[in-house]
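Inside the fold
Listed here are the chains, written in short residue letters.
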Amino acid sequence: MTVENHFPLISGEISIDLVNTELVRHGRRHDLLTTPEQVIAWFRTLIKQNILYKEQFDTEVEEWAEDALPRLREVRFFLRDGYERMADGKELSPHWAHHLEAFIKRAPFAYQLKDQTLIPVPMGQPADALLSLIAWDALRLFASDKLNHIHRCANPECVLLFTDTRGRRKWCSMKICGNRKKVTRYQQRHKKEK
């Protein structure tokens, strides 16, 4: 399994997927963005999944990953705090949107057609461009009311977040937590039967 396969891209939204680069494995919290190489792998995974596009960046990620790493972690902390507040039914700080707008001001957008889709192309340094796209995504989720449908996984040991507008989903992912809970329940039932 390559490093790229370790990122739980369960939302398709770059801001939520950034927050979900922190997860819990075997009862311990793990940070999937601790080195420039991990930033490169995450970025390539986002490109491969069409969450980001190469056309949005004018230089290769290897040239700016080290610069982006501490800034990504700072934005992730900020977004996690806001998203968890929303998941808990609390309101965001009035300054939340202004903080994100500041990232966009550092790399404002032009637009380009890609496969019949209009994509934002940030104008600025590559690390600023990535942060601008993340901030734009978070503000888009907020403006569209989608953040009112953000949830924590029903597994109390999981820290992954997801959106669900239908109100039926309990798990971050059936592959990650849903199946684990089903297996645990199955094993507990069979122990009782013995």
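Throughout what follows, the structure given in this document is the object of discussion. (Residues numbered from 1 in each chain as written. Predicted model: local features only at pLDDT ≥ 70, side-chain atom pairs only at ≥ 80, totals over all residues. Heavy atoms only, no water.)

Quick look at the nonpolar core now. Formed by 57 residues in total, the largest nonpolar core has its most connected members in Trp42, Leu79, Tyr83 and Trp96. Among the secondary structure elements, those contributing two or more residues to this core are helix 1 (14-19), helix 2 (36-48), helix 3 (65-87), helix 4 (96-106), helix 5 (126-143) and strand 6 (161-163). In terms of residue count, helix 5 provides more of this core than any other element does, ten residues in total. (Core = buried A, V, L, I, M, F, W, Y, C linked by side-chain atoms within 4.5 Å. Buried < 20%, exposed > 50% of the residue type's maximum accessible area, 1.4 Å probe, protein only. Helix = DSSP H or I, 4+ residues; strand = E, 2+ residues; numbered from the N terminus.)

As a further point, take the side chain of Glu22. With respect to the element layout, Glu22 can be found in strand 1 (residues 22-25). Exposure remark for Glu22: the relative accessible area of 17% places this residue in the buried category.

Applying the stated criterion to the full structure yields 17 salt bridges. Note that Arg73 and Asp31 form a salt bridge whose closest N and O atoms lie 3.0 Å from each other. One end of the pair, Arg73, is in helix 3; the other, Asp31, is in strand 2 (residues 28-31), and 42 residues separate them in sequence. Its relative accessible area of 34% is what places Arg73 among the partly exposed residues. Where salt bridges share partners, they join Glu22, Arg29, Asp31, Arg73, Arg76, Arg80, Glu84, Asp88 and Arg152 into one cluster. (Salt bridge = Lys/Arg side-chain N within 4 Å of Asp/Glu carboxyl O.)

What follows is about the packing of helix 3 against helix 5. It is the contact of helix 3 with helix 5, at a shortest axis distance of 10 Å, that shows an interaxial angle of 10°. When the interaxial angle is binned, helix 3 and helix 5 end up roughly parallel. Contacts between helix 3 and helix 5 pair Asp67, Ala68, Arg71, Leu72, Val75, Leu79 and Tyr83 from the former with Ala127, Asp128, Leu130, Leu131, Ile134, Ala138 and Leu141 from the latter. A per-class count over the contact of helix 3 with helix 5 returns eleven nonpolar, no polar and three charged. (Axes fitted to C-alpha atoms, helices over the stretch in contact; angles between N-to-C directions. Parallel < 35°, antiparallel > 145°, perpendicular 65-115°, else oblique. Contact = heavy atoms within 4.5 Å. Nonpolar A, V, L, I, M, F, W, Y, C, P; charged D, E, K, R; others polar.)

Now for the environment of His149. Within the element layout of this structure, His149 appears in the loop between helix 5 and strand 5 (150-152). A sequence separation of 62 residues divides His149 from Ala87, and the C-alpha atoms of the two residues are 7.5 Å apart. Leave out the neighbours within four places in its chain, and His149 touches Phe162, Thr163, Asp164 and Thr165.

Enumeration according to the criterion identifies eight aromatic pairs in this entry. For the ring pair Phe43 and Phe57, a centre distance of 4.9 Å and an interplane angle of 80° mean the geometry is edge-to-face. In this pair, Phe43 sits in helix 2 while Phe57 sits in the loop between helix 2 and helix 3, placing the two residues 14 residues apart along the sequence. Accessibility classification places Phe43 together with Phe57 in one group, the buried group. Taking the centre distance of 6.1 Å and the plane angle of 70° together, the rings of Phe109 and Trp136 count as edge-to-face. Of the two residues, Phe109 is situated in strand 3 (residues 109-114) and Trp136 in helix 5; the sequence distance between them amounts to 27 residues. With relative accessibility at 31%, the residue Trp136 sits in the partly exposed group. (Phe/Tyr/Trp six-rings, centres within 6.5 Å; stacked < 30°, edge-to-face > 60°.)

This paragraph deals with unusual backbone geometry. Of note, Gln116 is a non-glycine position whose phi angle comes to about 65°, a positive value. You can see Gln116 is positioned in the loop between strand 3 and strand 4 (117-122). Residue Asp145 is not a glycine yet carries a positive backbone phi of 75°. By the secondary structure assignment, Asp145 is in the loop between helix 5 and strand 5.

Another aspect to go through is the state of the cysteines. What the rule picks out here adds up to zero disulfides. No disulfide involves Cys153; its sulfur sits 3.8 Å from the nearest other cysteine sulfur, which is in Cys177. Residue Cys153 is classed as buried on the basis of its relative accessible area of 7%. No disulfide involves Cys158; its sulfur sits 3.8 Å from the nearest other cysteine sulfur, which is in Cys177. (Disulfide = S-S within 2.5 Å.)

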